[in-house]
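Commentary on secondary and tertiary structure
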Amino acid sequence: MIYLPLEYNNSMRKKIAAGNWKMNTTPDEGKLLVKNIISGSPSLKEHQEVYFFPPFTHIGYIAEVVGKPNFYTGAQNCSPFEKGAYTGEISTSMLKAVAATHVIIGHSERRSLFSESYESLQHKSSTVVNSGMTLVFCCGETLAERESKNQYKIVQEQLERSLLHLNKDEMQQVVVAYEPVWAIGTGKTASPAEAQDMHAFIRSLIKENYDETIAMQTSILYGGSVNAANAKELFSQPDIDGGLVGGASLKAEEFIEIIKALP
Ligand code: PGA
């Protein structure tokens, strides 16, 4: 199925390069990486943003060196709960206290390796937006789901069960990241046309559930083996508003090129 992009002026949307470091770097390595990226990056235009998602232990430390306009620091996960007897959990207020402004929820590694359920992700989505932070909500199908042509069904289910309960105002704090599981860390990217098609589908779902204005304002990032060589073509698709980048965000020169590829 081909989903046509909605007619709109897409210049109103934020274009974003986000680095998901996963469980990599020590705090000092992370600080050096950020310093190198910031010093090698151009000044961002008003509609462009860069997010760093280091491990929890480095957030406060990294946020101290992220002093350039439109560069932000966030967390890769958070607790759905506010405080209390939840051993090993980190709350949104703890994250805000160390200057985190964004939280990734629903990454496929958390869904598959840490058994995160639709219900838990729904709770976390609400917790993040209620805290005033920006939610980066991930969705995406596995290879088997794509091969059986169920990719639209599964992405729709992921959004309906864990994100689209948010109200219109809350949706303004949301960035969606489409990350086909088969493209994550594999060196295999969705083709720009395949990615565009799914992004247009996601935007159409947002329109159906809210309205055209919210659909047009919501940035939808592509993730899955984004690198310096493929970023420009992916980001030039009408419904792709940047990337959520894993491996290539750990190399300063590579991530700088990805930032430069933002429209
Ligand atoms: P990758 O990871 O760029 O290494 O494929 C993307 C992600 O998991 O967010």
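Everything numeric here is computed off the predicted structure, so don't read it as measured data.

Thresholds, definitions, all that
Residues numbered from 1 in each chain as written. Predicted model: local features only at pLDDT ≥ 70, side-chain atom pairs only at ≥ 80, totals over all residues. Heavy atoms only, no water. Helix = DSSP H or I, 4+ residues; strand = E, 2+ residues; numbered from the N terminus. Rg over C-alpha atoms; globule rule 2.2 N^0.38 Å. Buried < 20%, exposed > 50% of the residue type's maximum accessible area, 1.4 Å probe, protein only. Contact = heavy atoms within 4.5 Å. Areas by Shrake-Rupley, 256 points an atom, 1.4 Å probe, with all protein chains shown as cover. Lys, Arg positive; Asp, Glu negative; His and termini not counted. Charge placed at Lys NZ, Arg CZ, Asp CG, Glu CD. Phe/Tyr/Trp six-rings, centres within 6.5 Å; stacked < 30°, edge-to-face > 60°. Near = heavy atom within 4 Å. Polar contact = N/O pair within 3.5 Å; in protein donor to acceptor, adjacent residues only side chain to side chain. Nonpolar A, V, L, I, M, F, W, Y, C, P; charged D, E, K, R; others polar. Pairing = 2+ DSSP bridges. Axes fitted to C-alpha atoms, helices over the stretch in contact; angles between N-to-C directions. Parallel < 35°, antiparallel > 145°, perpendicular 65-115°, else oblique. Left-handed = near helix turned anticlockwise from the far one by under 90°.

**A few points about the overall build of the protein chain**
Broken down by element type, the protein chain carries 12 helices and 8 strands. Computed over its C-alpha atoms, the radius of gyration of the protein chain comes to 17 Å, within 12% of the 18 Å expected for a compact globule of 263 residues. Among the 263 residues that make up the protein chain, the fraction classed as buried is 55%. Considering only residue pairs separated by 6 or more positions, the protein chain has 74% of its internal contacts joining residues 24 or more positions apart. Here the protein chain has roughly 11500 Å² of accessible surface; of this, 52% comes from carbon and sulfur atoms. One way to put it: in the protein chain the 24 positive side-chain charges average out to a point 3 Å from where the 30 negative ones average out.

**What about the packing of aromatic side chains?**
Within this structure, the stated rule accounts for 8 aromatic pairs. Seen from their ring centres, Tyr51 and Phe53 are 6.2 Å apart, and the 90° between their planes marks the pair as edge-to-face. With respect to class, Tyr51 is no different from Phe53; both count as buried.

**What about the site of the ligand?**
Lining the immediate environment of the ligand, one finds 13 residues, of which Lys22, His107, Glu179, Gly185 and Ser225 sit closest. Here an oxygen atom of the ligand sits 2.7 Å away from a polar atom, N or O, in the side chain of Lys22. Between His107 and the ligand, the recorded distance is 2.7 Å, taken from a side-chain N or O atom to an oxygen atom. When the ligand is considered free in solution it has 280 Å² of accessible area, and contact with the protein chains removes 95% of it. Among the residues making up the shell around the ligand, the classes are represented as 4 nonpolar, 7 polar and 2 charged.

**Digging into the sheet that holds strand β1 (residues 15–20)**
Sheet architecture is closed into a barrel: 8 strands sit in the order β1-β2-β3-β4-β5-β6-β7-β8, paired in parallel fashion. Averaged over all adjacent pairs, the angle separating strand axes in this sheet is 25°, with direction ignored. Alignment of strand β6 (residues 174–178) against strand β7 (residues 220–223), held across 3 bridges, turns out to be parallel. Paired with Ala177 across the two strands is Leu221, which belongs to β7.

**Focus: the side chain of Arg13**
Within the fold, Arg13 resides in the segment before β1. In terms of polar contacts, Arg13 uses its side chain to reach the backbone carbonyl oxygen of Met216, at 3.0 Å. Here the side chain of Arg13 touches Asp241 through a polar contact of 2.9 Å, side chain to side chain.

**What to know about the packing of helix α7 (residues 151–162) against helix α9 (residues 192–209)**
Close contact between α7 and α9 brings their axes to 11 Å; oriented N to C, the two are set at 40°. Judged on the interaxial angle alone, α9 and α7 are oblique. α9 is crossed by α7, and the crossing has right-handed handedness. Contacts between α7 and α9 involve Gln151, Tyr152, Val155, Gln156 and Leu159 from the first element and Asp197, Met198, Phe201, Ile202 and Leu205 from the second. Per-class residue counts for the contact of α7 with α9 are 7 nonpolar, 2 polar and 1 charged.

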